[in-house]
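Architecture and fold: a report
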Amino acid sequence: MKYLRAFLIAVVAIVCASGVSAQQITKFGVVDTSRVYQAYFRNSAPMRNYDSKKEEFQKEINKRTENLRALQQKKIEQQSSGDEKGAEKTDAQIKKETQYLQEYTTAKNMELEQLKKSLQNSDEFYQKLYATLGKIAEAGGYSMILSLQQSNSILWYSSSVDITDDVIKSLGL
């Protein structure tokens, strides 16, 4: 009887301990913040401005590239007709246009990159994102939410912990 009582107490202690440890399991979630970012800014005025500038810059690059092709064709025609002086003059124009196009492309790519960074660092976006993540984490019982973009330490994750779609829905996107 004494042994039975001690056995039952041990079983109850083990069951209670396992119940306590089950409550202490940490639940993690992951978010693909780049997908949330794209959904958030897809139809925003700043993103339309970025897209319009990008399109404008590309049109200018295409125009100048076509101009270079025309100059190269002109040089070939001048060389085949024996107009070496004209071919040299056209070659100088080609070099000047090529240099301008390279400088223009570099400058405009830097401008677009700056604009993109300013969009990504939008305080309004991050305030809304963090508030939404907090609500979802509390409602879902998550102890921690990790970003897939800072994945240096995330070696594997189950898709069951990916709450990206919940975040996008909660942001109304």
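So, how was this worked out
- Every chain is numbered on its own, with residues counted from 1 as its sequence reads.
- Only residues with pLDDT of at least 70 get local features here, since the model is predicted, and only at 80 or more are side-chain atom pairs given and counted; chain-wide, interface and lining totals rely on the full set of residues.
- The side-chain quantities take in all heavy atoms of the structure and omit both hydrogens and water.
- What makes a salt bridge here is a side-chain nitrogen of Lys or Arg within 4 Å of a carboxyl oxygen of Asp or Glu, nothing more.
- Labels follow the DSSP assignment, with helices taken as runs of H or I lasting at least four residues and strands as runs of E lasting at least two, numbered in each case from the N terminus.
- Partly exposed residues are those whose accessible area sits between 20% and 50% of the maximum for their type, while under 20% is buried and over 50% is exposed, using a 1.4 Å probe and protein chains only.
- Whether two residues are in contact is decided by their heavy atoms, any of which lying within 4.5 Å being enough.
- How far a helix is expected to stretch is found by multiplying one less than its residue total by 1.5 Å.
- Note that the arc is defined by the directions from the helix axis to the C-beta atoms.
- For Phe, Tyr and Trp, where Trp contributes only its six-membered ring, two rings pair if their centres lie within 6.5 Å, and the inter-plane angle classes them as stacked under 30 degrees, edge-to-face over 60, or tilted in between.
- Distance and angle both matter: a charge sits over a ring if NZ of Lys or CZ of Arg is within 6 Å of the ring centre and within 35 degrees of the ring normal.
- One number per residue, pLDDT, summarises how confident the predictor is, and it ranges from 0 to 100.

**Topic: the pattern of salt bridges**
- In this structure the tally under the stated criterion is ten salt bridges.
- For Asp165, the salt bridge is made with Arg35, and the minimal N-O distance between the two is 2.4 Å. One end of the pair, Asp165, is in helix α6 (residues 164-170); the other, Arg35, is in helix α2 (residues 33-41), with 130 residues separating them in the sequence.
- When its relative accessible area of 42% is taken as the criterion, Asp165 is described as partly exposed.

**Thoughts on the environment of Gln38**
- Within the element layout of this structure, Gln38 appears in helix α2.
- In the structure, Gln38 is positioned 135 residues away from Leu173 in sequence and 9.9 Å away in space, judged by C-alpha atoms.

**What to know about the side chain of Gln78**
- Within the element layout of this structure, Gln78 appears in helix α3 (residues 45-80).
- According to the relative accessible area criterion, Gln78 is buried, its value standing at 12%.
- Other than its neighbours up to four places away in sequence, Gln78 contacts Asp83, Gly86, Ala87 and Thr90.

**Some points on α3**
- With 36 residues, α3 ought to run about 52 Å at 1.5 Å a step, and its terminal C-alpha atoms sit 53 Å apart, in line with that.
- Those residues of α3 that sit buried are Met47, Tyr50, Phe57, Glu60, Ile61, Arg64, Leu68, Leu71 and Gln78.
- Positive backbone phi, approximately 90 degrees, marks Gly82, located one or two places after α3.

**Some points on helix α5 (residues 123-140)**
- Helix length check: α5, at 18 residues, gives a terminal C-alpha distance of 25 Å against a target of 26 Å (1.5 Å per residue), a fit within 8%.
- Within α5, burial applies to Phe125, Leu129, Thr132, Leu133, Ile136 and Ala137. Within α5, the buried residues cover an arc of 135 degrees as seen down the axis, which keeps them to one side. α5 presents Asp123, Glu124, Gln127, Tyr130, Lys135, Glu138 and Ala139 as exposed residues on the side facing more than 90 degrees away from its buried surface.
- Tucked into the core, α5 has its buried residues touching β1 (28-31), α2, β2 (144-147) and α6.
- Directly beyond the C-terminal end of α5, a positive phi value near 75 degrees is found at Gly141.

**Digging into the packing of aromatic side chains**
- Per the counting criterion, the structure on display carries two aromatic pairs.
- Look at Phe57 and Tyr104: their rings are 6.5 Å apart centre to centre, the planes differ by 90 degrees, and that puts the pair in the edge-to-face class. Residue Phe57 is located in helix α3, and its partner Tyr104 is located in helix α4 (residues 84-120); the two are separated by 47 residues in the primary sequence.
- An aromatic cluster is present here, built from Phe57, Tyr100 and Tyr104 joined pairwise through their rings.
- Its end group placed over the ring of Tyr142, Lys27 keeps NZ or CZ at 4.6 Å from the ring centre.

**Notes on the confidence of the model for the chain**
- When pLDDT is averaged across the chain, the result is 79; 80% of the residues are at 70 or more.
- Between the elements of the chain, mean pLDDT differs from a low of 45, seen in helix α1 (residues 2-23), to a high of 91, seen in α3.

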